[in-house]
Amino acid sequence: MFYHSLVSDWNHGNAHFLRGVAAELLARGHRVTILEPADGWSRTHLLREQGEAVLGRFARAYPTLTSELYDSELDLDRVLDPADLVLVHEWTDPALVAAIGRHRAAGGRYRLLFHDTHHRSLTQPDEMAEYDLSHFDGVLAFGEVVRRRYLELGWARQAWTWHEASDHRVFRPLPGHRLEGDLVWVGNWGDDERTAELEEFLIGPAQALKLRARVHGVRYPVEGQERLAGAGIEHGGWIPNFALPGVFARFRFTIHIPRRETLPGIPAIQVFEALACGIPLVSAPWEDREGLFTPGADYLVARDGLEMRRALRALMTDEGAARALAEHGRRTILARHTCVHRVNELLGIVTELNRSRRRPAVAHAG
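Just so you know, these numbers come straight off a predicted model, no measurement behind them.

A. Seen up close, helix α8 (residues 144–152). Those residues of α8 that sit buried are Glu 144, Val 145, Val 146, Arg 147 and Tyr 150. Buried residues along α8 sit in contact with β4 (111–116), α6 (120–123), α7 (125–128), β5 (138–141) and β6 (159–161). Positive backbone phi, at 70°, marks Gly 154, one or two positions downstream of α8.

B. Structural context of the sheet that holds β5. Pairing is parallel in the open sheet, where 4 strands are placed in the order β3-β4-β5-β6. The sheet terminates laterally at β3 (85–89) and β6, the two strands that pair on one side only. Within the sheet, the average angular offset between the axes of one strand and its neighbour, ignoring direction, is 25°. Of the strand pairs in this sheet, β4 and β5 are connected by 4 bridges, and their pairing is parallel. Its bridge partner being in β5, His 115 is matched across the sheet by Leu 140. Strands β3 and β4 of the sheet are contacted by helix α5 (residues 94–105), whose axis makes an angle of about 160° with β4.

C. How the structure looks around the packing of helix α9 (residues 195–208) against helix α13 (residues 305–317). Here α9 crosses α13 at 55°, and the two axes come no closer than 9 Å. Taken together, the axes of α9 and α13 are oblique relative to one another. Here the hand of the crossing between α9 and α13 comes out right-handed. Each of Glu 200, Phe 201, Pro 205 and Ala 208 in α9 lies in contact with α13, whose residues at this interface are Gly 305, Met 308, Arg 309 and Leu 312. Considering only residue class, the contact of α9 with α13 consists of 5 nonpolar, 1 polar and 2 charged.

Procedures and definitions
Residues numbered from 1 in each chain as written. Predicted model: local features only at pLDDT ≥ 70, side-chain atom pairs only at ≥ 80, totals over all residues. Heavy atoms only, no water. Buried < 20%, exposed > 50% of the residue type's maximum accessible area, 1.4 Å probe, protein only. Helix = DSSP H or I, 4+ residues; strand = E, 2+ residues; numbered from the N terminus. Contact = heavy atoms within 4.5 Å. Pairing = 2+ DSSP bridges. Axes fitted to C-alpha atoms, helices over the stretch in contact; angles between N-to-C directions. Parallel < 35°, antiparallel > 145°, perpendicular 65-115°, else oblique. Left-handed = near helix turned anticlockwise from the far one by under 90°. Nonpolar A, V, L, I, M, F, W, Y, C, P; charged D, E, K, R; others polar.

What follows is the structure in structure tokens.
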């Protein structure tokens, strides 16, 4: 598994899903090797900000998971020859992606899949066109709109929709914690990708309702931090993803604020994780084209700031409704959206590929 980072989730949400999938594969007896670049920006920023001790926290949270750091001298024969399946994430350097493809074409007997969990296929197609996937078996896309994009542009011969999901071993309700506040939101400020949305759906409602609110995340500019402080919202900074269940257990509810270029049908992974932890969720608008959830039953939808204020006020005043919402959302996760489900899907794709390789060619009469 070639991914940007296993150990760091600093501005790197893909680590969440990777950890859950790898842990599930290991729990089933598979041998898993995860490779991440030694100079990866997420790992580099995490260590610069938090120090080496943070790696120990990760090891204690995930005792079965380890990764191998690689540089430009990576021996592909050593890494790839023993493998049955190789997954390559879309943040992997295009030159390495091409080299892995050439290794496969030169006689590699493993199945080779490219994993895309970003919006660049639609927003930055020139970048994605640089990836040579000609020797890959296909693409795992984290939403149907991305899957279709690969096929429409001829970047891949085959593609499957493989949604993200929650690691149910980590993300679960933790009852018994003392309540510390009303609203908690986990997300990064980013590059002006949702500044207006943060004002409308987070800062404005929290200030108007005088909520005890906290946000966790990175890349908050000075003006962003000042705006939070002015609204009485605490900025808690970076928090390791695996610590979120304990945070959710200390607040009444959370919200989902999609980035401006969110793809139709694809929620942030925080939706899966919040619902898995049994915390009531209110979401700003996003289009659930693929029917992953049931709006109004799994979470509430607020079309604007006024509706967000109304929804949050309702959750504060009706504890029974808030509890029912949280329980319904968690049931949906456990029934459809855990890493157990996604590993089942992945192994089903591999079985399908292996059957097609063994299938004899059909002779057509001339």
